Amino acid sequence: MKHLVFMGTGAFALAPLQAIYEHFADRCRLTVFTKAQKPAGRGMKCKPGCVEAFAREKELEVFQPQTLKEESFGETFRALRADLVIVASYGLLLPGYVLDEPEFGCVNIHASLLPEYRGAAPINRCLIDGKEKTGITIMQMDRGLDTGDVLWQKELSLAPEETAGTLFEKLASLGAEMIVEAIPLLEKRAFSLQKQEEARATYAAKITATDQKIDWSRPAAEIFNQIRGLSPLPSAICRTQKDGKRFKIIEARLSDEGAQGAPGEIVSVKPRVVVQCGEGALELLLVQPEGKGKMTAADAVNGRKLVLGEYLS
RNA sequence: CGCGGGGUAGAGCAGUUGGUAGCUCGUCGGGCUCAUAACCCGGAGGUCGUGUGGUUCAAGUCCCACCCCCGCAA
């Protein structure tokens with residue numbers, strides 16, 4: 001293995017890249033592809049992506065094509081003579097000329113046990129669905145979206161209090177460990193390819209505003225899963241009755257307080273902040289009012305963001 | 001120059017038409033109680049983001065400049 005090409009953009013890609021850099025940079029050429037950051041964010045500034053920042057810091061060769069579709073880029077890519085392409089949270093579909101070129105192909109590090117949760121948001125979706133386990137799949141890429149043959153999977157069981165944030169960290173580092181082990185095995189062609197069972201395939205679509213909105217008439221257990229599956233970002237959202245402003249619930253837990261009230265009603269503010277749900281109730285722990293920073297539910301009560309008897313909607 | 005909210009005691013907030021700052025919680029001390037995260041009394045703690053800026057008899061409160069935080073949108 002002389003030349004490794006890493007393609008990644010999202011935060012999930014950083015740990016694997018760092019691990020590859022640590023273990024292989026001294027004996028392989030390492031080139032990084034990452035999506036160029038568009039002017040964005042508050043003030044429409046251009047902030048560097050985490051992968052780009054790391055690659056530049058280590059003075060790795062960086063390519064940031066806006067798209068790979070143009071065949072003209074094929075010449076440039078072929079000229080790299082990549083032996084293996086490793087993809088993690090890249091954000092661009094790889095065209096045939098990339099998939100077919102490297103001697104050892106293109107492998108993807110995906111944060112689910114494929115064929116379940118193909119697509120953009122596997123980490124969030126498995127928690128929202130209340131799954132008890134997930135994992136990392138190292139897969140040989142093909143022309144479909146996360147449909148390639150599986151090389152290696154490792155499972156991870158999910159604790160009830162797992163959040164998207166903690167799970168993200170765990171899966172990113174698991175992915176990093178696995179890819180470091182996988183590279184030498186790939187070189188020896190030691191993996192056997194396993195087709196994905198199409199019948200079991202599910203799709204983890206990107207999170208939308210609708211996914212974030214809390215419907216308090218649903219059972220507390222479901223809302224709890226929604227909250228942790230979206231915590232800390234992008235967060236589950238509702239609105240306060242007082243001013244109609246957005247109100248994020250970052251952290252909550254199931255409450256056994258048998259308070260009676262209508263869904264969304266704040267039935268207690270001390271010693272615990274409890275909101276009635278369609279079935280059961282939730283105790284709010286960490287919240288974030290619009291325009292403010294994260295704060296404990298108790299602080300929100302002190303500052304009168306949350307008032308006993310009012311409703312969240 | 002994308003839109004918007006905000007920087008006031010350790011924390012979350014209030015502060016009306018400008019006149020030397022309040023609330024809830026925490027904290028410290030005391031009391032009540034079998035006991036307490038409950039209740040009562042008392043105390044400490046703030047150069048009100050920065051500016052040897054402007055207006056004014058007087059600015060947290062109006063004007064200017066700058067720094068920082070956050071929400072939306074991408």
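Note that the coordinates shown come from a computational prediction; the quantities given were computed from them, not determined experimentally.

Caption draft 1: Examining empty space enclosed by the protein more closely. Evaluation of the coordinates by the stated rule reveals one cavity of 30 Å³ or more. The volume enclosed by the largest cavity comes to roughly 30 Å³. As for the largest cavity, its lining consists of Thr240, Gln241, Lys242, Ile266, Lys305, Leu306, Val307, Glu310, Tyr311 and Leu312. Partitioned by chemical class, the residues of the lining of the largest cavity number five nonpolar, two polar and three charged.

Caption draft 2: Here's a closer look at the protein's contact with RNA strand B. In the vicinity of RNA strand B there are 18 residues, among which Arg42, Met44, Lys292, Asp299 and Arg304 approach most closely. Considering RNA strand B, the proportion of its atoms within 4 Å of the protein that are sugar or phosphate atoms stands at 62%. Here a base nitrogen of RNA strand B and a backbone polar atom of methionine 44 are 3.5 Å apart. Contacts to RNA strand B include glycine 291, whose backbone N or O atom sits 3.2 Å from a sugar or linking oxygen. Taken together, the residues of the surface near RNA strand B break down into three nonpolar, six polar and nine charged.

Caption draft 3: Focus on the nonpolar core. With 47 residues, the main nonpolar core has Leu4, Ile86 and Ile179 as its most contacted residues. Sorting elements by how many residues they give to this core places helix H6 (residues 164–187) first, with 12 residues. Leave out the neighbours within four places in its chain, and isoleucine 86 touches Leu4, Val5, Phe6, Met7, Ile20, Val107, Ile109, Ile179 and Ile183. By size, the runner-up hydrophobic cluster in this structure holds 27 residues, among which are Ile227, Ala297, Ala300 and Leu312.

Caption draft 4: Summary view of the pairing of strand E2 (residues 29–33). Burial of E2 is extensive: four of the five residues sit out of reach of the surface. Examined bridge by bridge, strand E1 (residues 3–8) and E2 share five bridges and lie parallel to one another. Bridge pairing links histidine 3 to arginine 29 in E2. Note that the unit made of E1, helix H1 (residues 14–24) and E2 has a crossover that is right-handed. Across three bridges, E2 lies against strand E3 (residues 61–63) in parallel orientation. Residue pairing for E3: phenylalanine 33 is matched across the bridge by phenylalanine 63. Traced from E2 through helix H2 (residues 50–57) to E3, the parallel crossover comes out right-handed.

Definitions and limits used
- Residues numbered from 1 in each chain as written.
- Chains lettered and ligands numbered in written order.
- Predicted model: local features only at pLDDT ≥ 70, side-chain atom pairs only at ≥ 80, totals over all residues.
- Heavy atoms only, no water.
- 1 Å grid on protein atoms, 1.4 Å probe; cavity = no way out; pocket = protein on both sides within 12 Å on 5 of 7 lines; lining within 4 Å.
- Points joined across faces, edges and corners; volume = space filled by probe spheres on them.
- Nonpolar A, V, L, I, M, F, W, Y, C, P; charged D, E, K, R; others polar.
- Near = heavy atom within 4 Å.
- Polar contact = N/O pair within 3.5 Å; in protein donor to acceptor, adjacent residues only side chain to side chain.
- Core = buried A, V, L, I, M, F, W, Y, C linked by side-chain atoms within 4.5 Å.
- Buried < 20%, exposed > 50% of the residue type's maximum accessible area, 1.4 Å probe, protein only.
- Helix = DSSP H or I, 4+ residues; strand = E, 2+ residues; numbered from the N terminus.
- Contact = heavy atoms within 4.5 Å.
- Pairing = 2+ DSSP bridges.
- Right-handed = clockwise from strand over helix to strand, strands pointing away.

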